[in-house]
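# Observations on chain architecture
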Amino acid sequence: MAMDSAGGPQRDTWGSKAAFVLAAAGSAVGLGNIWGFPTVAGQNGGAAFLAIYLLAVLLIGAPVMLAELIVGRHTQKNPVGAFKAIMPGSLWSLVGALGVLTGLVILSFYTVIAGWTLAYILKTAMGVFGPGADTAAIFAEVSGSPVSAIGWHALFAGITIAVVVKGVRDGIERWTKILMPVLFGLLVLLAIRAVTLSGAGDGLAFYLKPDFSQITGSVVLAAVGQAFFSLSLGMGAMITYGSYVSKKDDLVSSAGWVTGFDTTIAILAGLIIFPTLFHAGLEPGAGGPGMVFVVLTSLLSSIPPDPYGGIIFGTGFFVLLAIAALTSSVSLLEVCTSWGVDEKGWTRKKAAVMLGGVAFVIGVPSALANGAVGWLSNIPGVGMDFLSFMFLLFGQYSLVIGALLISLFVAWVWGVNAAGDEVRASGKGFALAGAWGFLIRFLCPLAILILLVQLVSSLF
Ligand code: TRP
């Protein structure tokens, strides 16, 4: 049933619905959940943010996820080909093109951050974070030395390319089937360790007892933006993964499982980070990009028995973060690769190596933007470093624009009835058709539009 990897007559499909759900969850669960979510939640009031985030996932994230999966399964194509198949000769394929470009740029800086996690696996395993270790200096060295930053970036990009070259059945599916359950188990263990630390109770209260007076427009904004990035929406990743779903599988429950799994992991990450932060007496809102790297490692020396507790706890955490990042970076490269295979007629290997190589090169300035090169670390006139700038443009604006256009396309151009027929094609009905139709036609585009206007106006 699998085709030849160059793109034979029959498109490769996932071996089972469970395999697809795991792979899509692997795409969604990544640095965005484990490192991004607790940081943003900490800066936006903790429990109040969590409540808004859950609403955003349910009312905006899940319907857009279903829309992307429907377009993918219906057309069996990459994002560009999918729009071409539904509206031939229209400008809508540009939305797919924007998605492919966005995937390439997100991949370029994603492998930089993910590269740091590889460096940290080595450092924690070697027991570098003993009592009195200067964790900020170690972070500065890992992220700021050009050889280290580019080297780890290259290694992570290379691993990503190798997995994607193997294709859907042999590469992505085999790996995520093993890696996702491992990741989940490790997170549960770490959460148990964290909530039993002294002082953990205050962290739990901050995270789980909402103070609704904390909710402002910017909290809502942060929650919706975080939901898109975390669920891998807005650039066609779920169109691409949906294109490999068998016609027999129910798309609604698949979208539900992926959304639920991604959200569960983010909640678990908060259960690890907040008790740990309060245990150390640190401010929950003070965390920046270095929070996981600097703060968590500063705790390692206090985990008994010394030094093995810290080594095991720390190495486990960074292995987990690297695994989560790999299944996400693979999905980013897969979007680009499926475009090269379908639209350019390249072999899978050529597409993955060339496009992964391009992403690596575009990522070099991001790798040098954390102290290695002065002007990249603080771009004149922009007021931020190159990596953060790329994240803002492609990890936020581009995804929000993409999600808006995808939901407008499905709801108003293609039509909710035609999309509903694709859901019903699996023979399991579409009980939620009315609710989904309402959300994707009205609530999602309107909410995203408001978000976009706010994002743009915050620029001035
Ligand atoms: N969702 C992943 C994370 O949380 C990142 C990611 C992978 C992504 N593929 C994507 C984000 C596609 C947006 C679009 O880390």
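See the structure printed just above.
Notes on the structure in this doc start here. For clarity, every value in this text was computed on a predicted model and none was experimentally measured. (Residues numbered from 1 in each chain as written. Predicted model: local features only at pLDDT ≥ 70, side-chain atom pairs only at ≥ 80, totals over all residues. Heavy atoms only, no water.)

Turning next to the site of the ligand. The local shell around the ligand holds 16 residues, among which Ala 28, Gly 32, Tyr 110, Phe 229 and Ser 232 are the closest. The contact in question runs from an oxygen atom of the ligand to an N or O atom on the backbone of Leu 31, over 3.1 Å. Within the contact set of the ligand, an oxygen atom lies 3.3 Å away from a side-chain nitrogen or oxygen of Asn 33. Relative to its unbound accessible surface of 360 Å², the ligand loses 100% to contact with the protein. Looking at the shell around the ligand, the elements with two or more residues in it are helix H1 (17-28), helix H2 (31-43), helix H10 (217-230) and helix H14 (308-344). Taken together, the residues of the shell around the ligand sort by class into eight nonpolar, eight polar and no charged. (Near = heavy atom within 4 Å. Polar contact = N/O pair within 3.5 Å; in protein donor to acceptor, adjacent residues only side chain to side chain. Areas by Shrake-Rupley, 256 points an atom, 1.4 Å probe, with all protein chains shown as cover. Helix = DSSP H or I, 4+ residues; strand = E, 2+ residues; numbered from the N terminus. Nonpolar A, V, L, I, M, F, W, Y, C, P; charged D, E, K, R; others polar.)

With respect to the element layout, Lys 123 can be found in helix H5 (residues 93-125). Judged by its relative accessible area of 18%, Lys 123 falls in the buried class. (Buried < 20%, exposed > 50% of the residue type's maximum accessible area, 1.4 Å probe, protein only.)

Our focus in this paragraph is the pattern of salt bridges. A side chain with one charge may pair with a side chain of the opposite charge, provided their charged atoms come close. The final tally for this structure, using the stated rule, is six salt bridges. In this structure, Lys 123 and Glu 141 form a salt bridge, with 3.4 Å as the shortest nitrogen-oxygen distance. A residue pair is termed long-range when its members are at least 10 positions apart, and Lys 123 in helix H5 and Glu 141 in helix H6 (residues 135-144) qualify at 18 residues. Through salt bridges with shared partners, one network takes in Arg 73, Lys 247 and Glu 422. (Salt bridge = Lys/Arg side-chain N within 4 Å of Asp/Glu carboxyl O.)

The subject of this paragraph is H6. Residues of H6 that are buried include every one of Thr 135, Ile 138, Phe 139, Val 142, Ser 143 and Gly 144, and no others. The elements touched by buried residues of H6 are H5, helix H7 (146-165), helix H13 (291-299) and helix H15 (348-367). (Contact = heavy atoms within 4.5 Å.)

Applying the stated criterion across every chain yields a total of 25 aromatic pairs. Taking 5.2 Å as the distance between ring centres and 55° as the angle between the ring planes, the aromatic pair formed by Phe 229 and Phe 391 counts as tilted. Separated by 162 residues along the polypeptide, Phe 229 in helix H10 and Phe 391 in helix H17 (residues 386-424) bring together distant segments of the chain. Classification of Phe 229 as buried rests on a relative accessible area of 15%. A connected cluster of aromatic rings, assembled from ring pairs, spans Trp 116, Tyr 120, Phe 129, Phe 139, Phe 293, Phe 317 and Phe 318. Directly above the ring of Trp 412 sits Arg 441, whose terminal nitrogen or CZ lies 6.0 Å from the centroid. (Phe/Tyr/Trp six-rings, centres within 6.5 Å; stacked < 30°, edge-to-face > 60°. Lys NZ or Arg CZ within 6 Å of the ring centre and 35° of its normal.)

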